[in-house]
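Working through the structure, step by step
For reference, the chains in residue letters:
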Number of protein chains: 2
Amino acid sequence: MGITIRDVAQAAGVSTATVSRALRGLANVDEQTRARVERAAAELDYVISPSASRLASGRTGSVAVITPYIARWFFSTVLSGVESTLQGAGMDLLLMTVSNPDAQHRLPPAPRLRRRVDGALIIAIPPDDQQLADVLKLDLPTSLIGVSVGDVPSVTIDDVYAARMATQHLLNLGHQRIGLIAGSGSRSPFTAEKDRHRGFVEAMNEARLPIAPHLQALGFFTSAGGEQAMTALLAQRERPTAVFCMSDEMAFGAMRALRSHGLQPGRDISLIGVDGHDMSELLELTTVEQPVHDMGRIAAEALLVQLHSDNQIKAQSVVLPTRLVVRASTAPIAPGQ
Amino acid sequence: MGITIRDVAQAAGVSTATVSRALRGLANVDEQTRARVERAAAELDYVISPSASRLASGRTGSVAVITPYIARWFFSTVLSGVESTLQGAGMDLLLMTVSNPDAQHRLPPAPRLRRRVDGALIIAIPPDDQQLADVLKLDLPTSLIGVSVGDVPSVTIDDVYAARMATQHLLNLGHQRIGLIAGSGSRSPFTAEKDRHRGFVEAMNEARLPIAPHLQALGFFTSAGGEQAMTALLAQRERPTAVFCMSDEMAFGAMRALRSHGLQPGRDISLIGVDGHDMSELLELTTVEQPVHDMGRIAAEALLVQLHSDNQIKAQSVVLPTRLVVRASTAPIAPGQ
DNA sequence: TTGTAAGCGTTATCAA
DNA sequence: TTGATAACGCTTACAA
């Protein structure tokens, strides 16, 4: 039923080997011959069989992208950066999720990767995740995004610095009673959360300000969680005048909590996030932006280089810059607060 | 370097044919033998070579998902529904974008699909898109999501009805001067937009209300576009008392435009969207929810059935229900308006 | 520059 | 239920 390389060879009056070389653009083929082969292939509407090619060559021409979530802003934005890069390089992108509590009972990813892809891109999986460890053990060319583990090449931001920048912004505005909405707290598996916490602490320490436990709450990186956390902070006898939220989504929730208390972000309590979420501009949230799309793109590019250099060159880890974007949700502390 | 089926056969003392049968769970294998084979495979840490298996069997075990966008709410949410279903069935998911103006100069998808996947899922590509036509011409088992073309199986909502429901809600609240924020207007390639427009018109006609051209604006399905559109509507001599936005994201933008004019959604001007976007609840937007995640799941399930029935059974098209969710952004018209 | 031919690691047919 | 063995369609030494 399918046209094979033999049909093309016959039509072009050459051997299958020559067809293979011609169609893959290898150097040592006469241009006349190549043209003839290409014409024959086009006329027969021939497409190469990837399975056969993979089996014979040992290369799969595909890259796995492993992520805990698909429908969350950070992850889908990284994914879009990855996708356009891989597509541009003619690589297939195999998408699989992992560590997602919504889908516990699945095949773990490591066995699904073996003999199936040339490399893997891994988005923000906690560094101590067992499934991550299993994947890394496969010793596939790999780049990490938004997380770093050992000496595996990664693309990240400086989370300590990002948090310092955010906190310092609040300090610069004169705030002293600064609250914190974290993710899952000290038990968090994420490096990003630990680092953002450290940045917050460092900035506060430098300003010689106390870190009040009752001004801290957990928002689990969701907007619903952020809303609850902010509500808890508002219930304290002494409310914060500003709050550093470890993610924009939690800050959105916090904004809502403020509104339901008749308070206005910026005017009554300042709010700052981290991410540069699509909705931040709309909601006028001050935030520390990270270049999420670029993180995906750059990680994919690094992986491609590694793949094309026969894995001789191990990619370097990259730390991308972040940027404070000031909007209406932060303002100088009001006199008397 | 790799363990092959021959190694397992040797270790288990059987033929490669038996190993193949045993490992794939075929019926006619003695349970004793199967156990022995499985043990041998486990001990050798054997994994099947997909390329070889594909070449020999003709099945690829993978499904392509073709989408114009990845990092937009609707698309990433559909994708997550698709992914969990395919993953559960042990199918590989090949992700590729198409028709995306951000990435014009790419290989078209049709050639990339041939001999590579067993089926395709296509998310909301305009029905008259040439690349869509090319993909459908491949005559691969296919399900469409959020769009319908000819008799290709699809999973959609009733967009006419959704728009009627939204408009009727505003009418029920006593609004008469109802504005419309559409996508790209009459030239829109999307069925969804045309249908939503029709639903709006039908509801207005039934209420014997005029459809004022100056109360209509285009928002291009983005929040920035929605903001501009609402701003334009507010500049009219006679403002609408309520606006039907064809998507939640445009409604978010419209909300912002209201706020910058010192107006409050619901109190001053009612706003309703379509989607059930994650942020709608937070922003208290009334909307007509569509079951986006389920649309992905159901389309994937239908495709799997088609694949497993040797394509004998052609999947049916499914229209899923939508649901009005009333929040603070809509309210009865104020007396005197 | 081109051709020959031996793999690549399965699956599937047929016979036992 | 099991085994031999011929595909499957390409790539890649190696030879010419």
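1. Some thoughts on the overall build of chain A
Assigned secondary structure in chain A consists of 12 helices and 12 strands. Taken over C-alpha atoms, the radius of gyration comes to 26 Å for chain A, far larger than the 20 Å a tight globule of 337 residues would show. For chain A, the spread of C-alpha atoms along the principal axes amounts to about 90 × 35 × 35 Å. Partitioning the intrachain contacts of chain A with sequence separation of at least 6 by distance along the chain shows that 71% fall at a separation of at least 24. Roughly 14,800 Å² of accessible area belongs to chain A as shown, and the carbon and sulfur atoms make up 50% of that amount.

2. Considering the domain arrangement of chain A
Quite often, the size of an interface is put as the accessible area lost when its parts meet. Per the domain assignment, the segments making up chain A are domain 1 (5-57), domain 2 (62-157 + 291-321) and domain 3 (159-290). A straight line from the C-alpha centre of domain 1 of chain A to that of domain 3 of chain A covers 60 Å.

3. Examining helix α8 (residues 159-172) of chain A
All names here are of chain A. With 14 residues, α8 should reach 20 Å at 1.5 Å per residue; the first-to-last C-alpha distance of 20 Å fits that figure. Burial runs high along α8: 10 of the 14 residues are buried. For α8, the full list of buried residues reads Asp159, Val160, Ala162, Ala163, Met165, Ala166, Thr167, His169, Leu170 and Leu171. Structurally, the start of α8 carries an N-cap: the backbone nitrogen of Val160 is 3.1 Å from a side-chain oxygen of Asp158. Backbone geometry just after α8 places Gly174 at a positive phi near 100°.

4. A look at the interface of chain A and chain B
Taken together, the contacts link 45 residues of chain A with 45 residues of chain B. Both sides together, the interface formed by chain A and chain B hides about 4,400 Å², and carbon and sulfur atoms give 54% of it. Counting the contacts that link chain A with chain B gives 8 salt bridges. Elements supplying a minimum of two residues to the side of chain A that touches chain B: α4 (50-57), α5 (73-88), β2 (92-97), α10 (223-234) and α11 (248-260) of chain A. With 7 residues, α5 of chain A is the single largest residue contributor to the side of chain A that touches chain B.

5. As for the protein's contact with DNA strand D
Taken together, 27 residues sit near DNA strand D, with Ile5, Ser20, Tyr46 and Arg59 of chain A together with Thr33 of chain B positioned nearest. The contact atoms of DNA strand D, taken as those within 4 Å of the protein, divide so that sugar and phosphate hold 72%. Between DNA strand D and Ser15 of chain B, the relevant distance is 2.9 Å, taken from a phosphate oxygen to a main-chain nitrogen or oxygen of the residue. Among the elements of the structure, α2 (16-24) and α4 of chain A together with α2 (16-23) and α4 (50-57) of chain B are those that each provide at least two residues to the surface near DNA strand D. For the surface near DNA strand D, a count of residues per class yields 11 nonpolar, 11 polar and 5 charged.

6. A short note on the environment of Ala166 of chain B
Residue and element names in this part refer to chain B. For Ala166, the location among the structural elements is in helix α8 (residues 159-172). Ala166 sits in the buried class, given a relative accessible area of 0%. Note: C-alpha distance between Ala166 and Arg327 (161 residues apart in sequence) is 12 Å. Once residues within four sequence positions are removed from consideration, Ala166 is found in contact with Phe244, Ile272 and Val288.

7. Side note on unusual backbone geometry
All names here are of chain A. Of note, Phe221 is a non-glycine position whose phi angle comes to about 60°, a positive value. Relative to the helices and strands, Phe221 is located in the loop between β7 (216-218) and α10. Judged by relative accessible area, Phe221 falls into the partly exposed class, the value being 21%. Despite not being glycine, Asp275 shows a phi value in the positive range, around 150°. Residue position: Asp275 is located in strand β9 (residues 270-275).

8. Focus on the UniProt feature "domain: HTH lacI-type" (unreviewed entry) in chain A
Within this structure's numbering, the places UniProt gives as "domain: HTH lacI-type" (unreviewed entry) are residues 3-57 of chain A. In this annotation, residues 3-57 of chain A is assigned 71% helix and 0% strand; the end-to-end C-alpha distance for the span is 20 Å.

9. Focus on the relation of the copies chain A and chain B
Taken as rigid bodies, chain A and chain B are interconverted by a rotation of 180° and an axial shift of 0.0 Å, the fit giving an RMSD of 0.1 Å. Given the turn and translation reported, the copies of this chain are related as if by a two-fold rotation axis. A share of 100% of the interface residues of chain A reappears at the interface of chain B, consistent with the copies meeting face to face through the same patch.

10. Observations concerning the pattern of salt bridges
In this structure the tally under the stated criterion is 36 salt bridges over all chains. Here Arg198 of chain B makes a salt bridge to Glu202 of chain B, at a shortest N to O gap of 3.4 Å. Remark: Glu202 of chain B and Arg198 of chain B occur in helix α9 (residues 191-206); sequence separation between them is 4 residues, near one turn of the helix. Residue Glu202 of chain B is classed as partly exposed on the basis of its relative accessible area of 25%. For the salt bridge of Arg327 of chain B with Glu289 of chain B, the shortest nitrogen-to-oxygen distance reads 4.0 Å. Remark: Glu289 of chain B occurs in strand β10 (residues 286-289) and Arg327 of chain B occurs in the segment after β12 (323-325); sequence separation between them is 38 residues. Glu289 of chain B gets classed as partly exposed once you look at its relative accessible area, which sits at 23%. Each of Arg54 and Asp92 of chain A together with Arg112 and Arg116 of chain B takes part in a single network of salt bridges with overlapping partners.

Reading guide: rules and limits
- Residues numbered from 1 in each chain as written.
- Chains lettered and ligands numbered in written order.
- Predicted model: local features only at pLDDT ≥ 70, side-chain atom pairs only at ≥ 80, totals over all residues.
- Heavy atoms only, no water.
- Helix = DSSP H or I, 4+ residues; strand = E, 2+ residues; numbered from the N terminus.
- Rg over C-alpha atoms; globule rule 2.2 N^0.38 Å.
- Contact = heavy atoms within 4.5 Å.
- Areas by Shrake-Rupley, 256 points an atom, 1.4 Å probe, with all protein chains shown as cover.
- Domains from an automatic or database assignment.
- Expected span 1.5 Å × (residues − 1).
- Buried < 20%, exposed > 50% of the residue type's maximum accessible area, 1.4 Å probe, protein only.
- Polar contact = N/O pair within 3.5 Å; in protein donor to acceptor, adjacent residues only side chain to side chain.
- Buried area = accessible area lost by both parts, 1.4 Å probe.
- Salt bridge = Lys/Arg side-chain N within 4 Å of Asp/Glu carboxyl O.
- Near = heavy atom within 4 Å.
- Nonpolar A, V, L, I, M, F, W, Y, C, P; charged D, E, K, R; others polar.
- UniProt positions renumbered as here; feature names shortened; annotations may be inferred.
- Least-squares fit on C-alpha atoms with pLDDT ≥ 70 in both.

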